[in-house]
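In case you want the letters, here they are:
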Amino acid sequence: MSDVFVNYRTGDEESVATMIARELTRRFGGERIFFASNSIELGHRFPVELARAVEECKALLAVIGPRWAEVRGANGRPALEAEQDWTRREIQTALDRGILVIPVLVGKATRIDHAVLPGDLRELADCQYRRFDHRNAESDLIALGDALARLLPELGAVDRDARAARERAETKSRKKSVQDAEPTRIRTRDVEQRVRGGIGNLNGDLSGTFVNEPQGSVNTGRGHQYNAPHFQGDNTGVQFTAGDNSGTVHQHFERERRRSDDGR
C-alpha cells in the first residue's frame, strides 16, 4: 500500500510530476509513493491498479500546471469534462473518501477557479495548495517532502533526510564533547608537570597544594597539603615529611656512628 499518490495530467507538467515522485521515492522509499508509470507492474491491468492505489493512499498530490484544464481529449473537448478521464476520476475518488488532497500549482498556474471544475471536483478549489517553481525546484521539493513527513506519521518514521540530519547532529555533538574534554586533559598534564617540578595547585577533586621534595619550611595556606617523600643526607640520617596543613608530621631518625675509640 502506498501512502502518497501522485496525480497528474499527460500534456501538462508531467516532468514536474516525475521530479516530485522521484524525490519522494528517494526520501521515503518506492513502496510509499505511487506513480503510475513506475508503480504498475508489467501485465497488470492499470484501471484496477489505479483504483486500488487511490482508495488505499493517505494523501493525493494533484499536480496542476497552466494547461491542466485545457488539455483536450480524443473528441477534441477538454479532457477534464469527460467522466472517464483518469485524472479527474482519481481526484474525485480521493475527495469522496476523505483522503488528504494537496494541489501542487506549477509555474504560472493560478489559484484553481471553481468555474472551470466539474461539479464533483469543486471541492478541489477549496483545498490548501502548494506552489512549485522550476527556478526553486530543490527548495520546493524539500518543502513538499517536509510537509508530507509532518502530516503523515508513516512517512516521518521512514524519512531518510531526517535520519541523516539526526546522524549529523549526533556526530557534531560527539565532536564537541571531545573538544570540550581537551582542555581538561591539558590541565591534567599541566598539573603533572607542576607536581614533578615542585609546588603546584591541584584542581578538581583534589583541591589543595602538592609539595614535591620540599627543601625547607613550606607554608601553603589553607587547604590540604600533599607532601611527597623527600630523602636527604648521607648515612648520618634520613628526614621524611608528610601530612597536611592541619598538622604536618615530621619524623626524624638520627643515627650516629659509634666510634670504637671512645667506647660508645
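Criteria and cut-off values
- Residues numbered from 1 in each chain as written.
- Predicted model: local features only at pLDDT ≥ 70, side-chain atom pairs only at ≥ 80, totals over all residues.
- Heavy atoms only, no water.
- 1 Å grid on protein atoms, 1.4 Å probe; cavity = no way out; pocket = protein on both sides within 12 Å on 5 of 7 lines; lining within 4 Å.
- Points joined across faces, edges and corners; volume = space filled by probe spheres on them.
- Helix = DSSP H or I, 4+ residues; strand = E, 2+ residues; numbered from the N terminus.
- Buried < 20%, exposed > 50% of the residue type's maximum accessible area, 1.4 Å probe, protein only.
- Lys, Arg positive; Asp, Glu negative; His and termini not counted.
- Salt bridge = Lys/Arg side-chain N within 4 Å of Asp/Glu carboxyl O.
- Polar contact = N/O pair within 3.5 Å; in protein donor to acceptor, adjacent residues only side chain to side chain.
- Contact = heavy atoms within 4.5 Å.
- Nonpolar A, V, L, I, M, F, W, Y, C, P; charged D, E, K, R; others polar.
- Phe/Tyr/Trp six-rings, centres within 6.5 Å; stacked < 30°, edge-to-face > 60°.
- Lys NZ or Arg CZ within 6 Å of the ring centre and 35° of its normal.

Visitor: Could you give an account of empty space enclosed by the protein, naming the residues involved and the relevant values?
Guide: Applying the stated criterion across every chain yields a total of 1 cavity of 30 Å³ or more. In this structure, the largest cavity is lined by Val104, Arg130, Arg131, Phe132, Asp140 and Leu144. Those elements that place two or more of their residues in the lining of the largest cavity are β5 (130–132) and α5 (137–151).

Visitor: Give a detailed account of the side chain of Asp12, specifying residues and quantitative values.
Guide: Mapping Asp12 onto the fold places it in the loop between β1 (4–7) and α1 (14–28). It turns out Asp12 is buried and unbridged, and the closest side chain with the opposite charge, Arg67, is 5.8 Å from it. Here Gly65 takes part through its backbone nitrogen, which lies 2.7 Å from a polar atom of the side chain of Asp12. Residue contacts for Asp12: discarding those within four places in its chain leaves Val63, Ile64, Gly65, Pro66, Arg67, Trp68 and Val71.

Visitor: With reference to specific residues and values, describe unusual backbone geometry.
Guide: Within the chain, Glu13 stands out as a residue other than glycine whose phi angle is a positive 60°. Considering the arrangement of structural elements, one finds Glu13 in the loop between β1 and α1. Classification of Glu13 by relative accessible area gives partly exposed; the value is 21%.

Visitor: Tell me about the layout of surface pockets, and please be specific about residues and values.
Guide: A water-sized probe, rolled over the atoms, reveals where empty space remains. In this model, the largest pocket occupies a volume close to 310 Å³. Tyr8, Thr10, Trp86, Thr87 and Glu90 are the residues nearest the centre of the largest pocket, which is lined by 17 residues in total. Where the lining of the largest pocket is concerned, the elements lending two or more residues are β1, α3 (46–56) and α4 (86–96). Per-element accounting of the lining of the largest pocket gives the leading share, 3 residues, to α4. For the lining of the largest pocket, the residue count by class is 10 nonpolar, 3 polar and 4 charged.

Visitor: Give me the packing of aromatic side chains: which residues, what numbers.
Guide: Across all of its chains, the model carries 3 aromatic pairs by this definition. Judged by centre distance (4.9 Å) and plane angle (15°), the ring pair of Phe5 and Phe34 falls under stacked. Pair noted here: Phe5 is in strand β1 and Phe34 is in strand β2 (residues 33–34), with a separation of 29 residues, a long-range link. Accessibility expressed as a relative area gives 3% for Phe34, which makes it buried. Their ring planes at 65° and their centres at 6.1 Å tell us that Phe46 and Trp86 sit as a pair that is edge-to-face. One end of the pair, Phe46, is in helix α3; the other, Trp86, is in helix α4, and 40 residues separate them in sequence. According to the relative accessible area criterion, Phe46 is partly exposed, its value standing at 46%. Geometry around Trp68 places Arg9 over its ring, the cationic atom sitting 5.8 Å from the centre. Positioned above the aromatic ring of Trp86 is the side chain of Arg89, whose terminal nitrogen or guanidinium carbon lies 3.9 Å from the ring centre.

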